[in-house]
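What follows is the residue order along each chain.
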Amino acid sequence: MAPSRIAQTALYQEVAERLRQRIFAHELPPGIRIDEQLLTVDYGISRTPLREALKVLAAEGLVTLRPRRGCFVTEISEQDLDEIFPVMAMLEGRCALEATHRAQAGEIAELEAIHRQLEFFASSNQIERFFEVNQKFHLRIQEMSGNRWLRQAIQDLRKVLKLTRLFSLSIEGRLQQSLAEHAAILAAIRAGDATRAQTTMHDHILAGRQAVARSQPQLEAMA
């Protein structure tokens, strides 16, 4: 019984990860109904592991289970963003504070190396690569904090934010502004000023929300 149970657990986890990546890539866009019958055929599985996988994604906020209607990819509203970003700012600010208190010379050197990558991609206007390295920068600070609960809470919220198409870095001037904000965070951590690190990180996250709001009219005009 034990080997069989482990295999079944691994199966629904793999299904959940495949669906998670399709949702993040917007192959399954927000609001779409998930066709369970089609997925069982595509993946060659029964309904049981698929439904277990959907429960996992529902717990993460990526899908919404509606009684007698089915399962839908979650849609994030402007109000949701207005509520999520301040929480993110508070959590990531606290993370920067704790990271500064614990920072070792080698960790700061790693963060500086990541920031040099940000500078390179900003100078060459490689927005997608900048965004990828931006994620590394924030994740490294989370790791430096040594607080696994903060890191998990932040990553859970970031998963939800991936449901949206956030084009804020495409707004004129935002790429350089974001780079300057990262430089300020790095400078505060390097200086051992935990309070300033917390404040600059908090303000950086909220500035991202403002940029997203400015990007919305442009996206609507392109639609």
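Residue-level account of the overall build of the protein, with values.
If you tally the helices and strands in the protein, you get nine helices and two strands. Helices and strands in the protein line up, N terminus first, as α-α-α-β-β-α-α-α-α-α-α. Taking all 223 residues of the protein together, 41% fall into the buried category. A separation threshold of at least 6 residues defines the contact pool for the protein, and within that pool the share at least 24 residues apart is 74%. Carbon and sulfur atoms provide 53% of the accessible area of the protein, an area that totals close to 12300 Å².

Can you break down the packing of helix α2 (residues 36-43) against helix α3 (residues 47-59) residue by residue, with the values?
The description of two packed helices rests on the angle between their axes and on the distance between the axes. Contact geometry of α2 with α3 gives a least axis separation of 10 Å together with a crossing angle of 115°. In the packing of α2 onto α3, the handedness of the crossing is right-handed. Judged by residue contacts, Glu36, Gln37, Leu39 and Thr40 of α2 engage Arg47, Leu50, Arg51 and Leu54 from α3. The class makeup of the residues in the contact of α2 with α3 is three nonpolar, two polar and three charged.

For the pairing of strand β1 (residues 63-66), give the residues involved together with the corresponding values.
Note: β1 against strand β2 (residues 70-73), four bridges, orientation antiparallel. By the bridge assignment, Leu65 is partnered in β2 with Cys71.

Please give an account of the packing of aromatic side chains that cites residues and values.
The tally for this structure, following the rule as stated, stands at one aromatic pair. Plain terms: the ring middles of Phe120 and Phe121 are 5.3 Å apart, the flat faces sit at 70° to each other, and that makes the pair edge-to-face. According to the relative accessible area criterion, Phe121 is buried, its value standing at 8%. One cation-aromatic arrangement involves Arg18 over Tyr43; the distance from NZ or CZ to the ring centre is 5.5 Å. The ring of Phe72 carries Arg66 above its face, with NZ or CZ at 4.3 Å from the centroid.

Quick rundown of the nonpolar core? Include the residues and the values.
If you look at the biggest cluster of nonpolar residues, it comprises 55 residues, and the most contacted ones within it are Leu19, Ile23, Phe137, Ile141 and Ile189. The dominant element in this core, judged by the number of residues it contributes, is helix α4 (residues 78-102), at nine residues. Setting aside its immediate chain neighbours within four residues, Leu19 contacts Leu28, Leu39, Tyr43, Leu50, Leu54 and Leu57.

Report on the environment of His26, specifying residues and quantitative values.
Within the fold, His26 resides in the loop between α1 (2-24) and α2. When the C-alpha positions of His26 and Thr164 are compared, they lie 8.8 Å apart, and in sequence the two are 138 residues distant.

Go over the packing of helix α6 (residues 127-145) against helix α8 (residues 174-190), please, and point to the residues and values.
The N-to-C vectors of α6 and α8 enclose an angle of 20°; their axes lie 12 Å apart at closest approach. Considering their axes alone, α6 and α8 lie roughly parallel with respect to each other. Every pair of crossing elements has a handedness; the one defined by α6 and α8 is left-handed. Judged by residue contacts, Ile127, Phe130, Asn134, Phe137, His138, Ile141 and Met144 of α6 engage Leu175, Ser178, Leu179, His182, Ile185, Leu186 and Ile189 from α8. Residues that form the contact of α6 with α8 fall into these classes: 10 nonpolar, four polar and no charged.

Criteria and thresholds
Residues numbered from 1 in each chain as written. Predicted model: local features only at pLDDT ≥ 70, side-chain atom pairs only at ≥ 80, totals over all residues. Heavy atoms only, no water. Helix = DSSP H or I, 4+ residues; strand = E, 2+ residues; numbered from the N terminus. Buried < 20%, exposed > 50% of the residue type's maximum accessible area, 1.4 Å probe, protein only. Contact = heavy atoms within 4.5 Å. Areas by Shrake-Rupley, 256 points an atom, 1.4 Å probe, with all protein chains shown as cover. Axes fitted to C-alpha atoms, helices over the stretch in contact; angles between N-to-C directions. Left-handed = near helix turned anticlockwise from the far one by under 90°. Nonpolar A, V, L, I, M, F, W, Y, C, P; charged D, E, K, R; others polar. Pairing = 2+ DSSP bridges. Phe/Tyr/Trp six-rings, centres within 6.5 Å; stacked < 30°, edge-to-face > 60°. Lys NZ or Arg CZ within 6 Å of the ring centre and 35° of its normal. Core = buried A, V, L, I, M, F, W, Y, C linked by side-chain atoms within 4.5 Å. Parallel < 35°, antiparallel > 145°, perpendicular 65-115°, else oblique.

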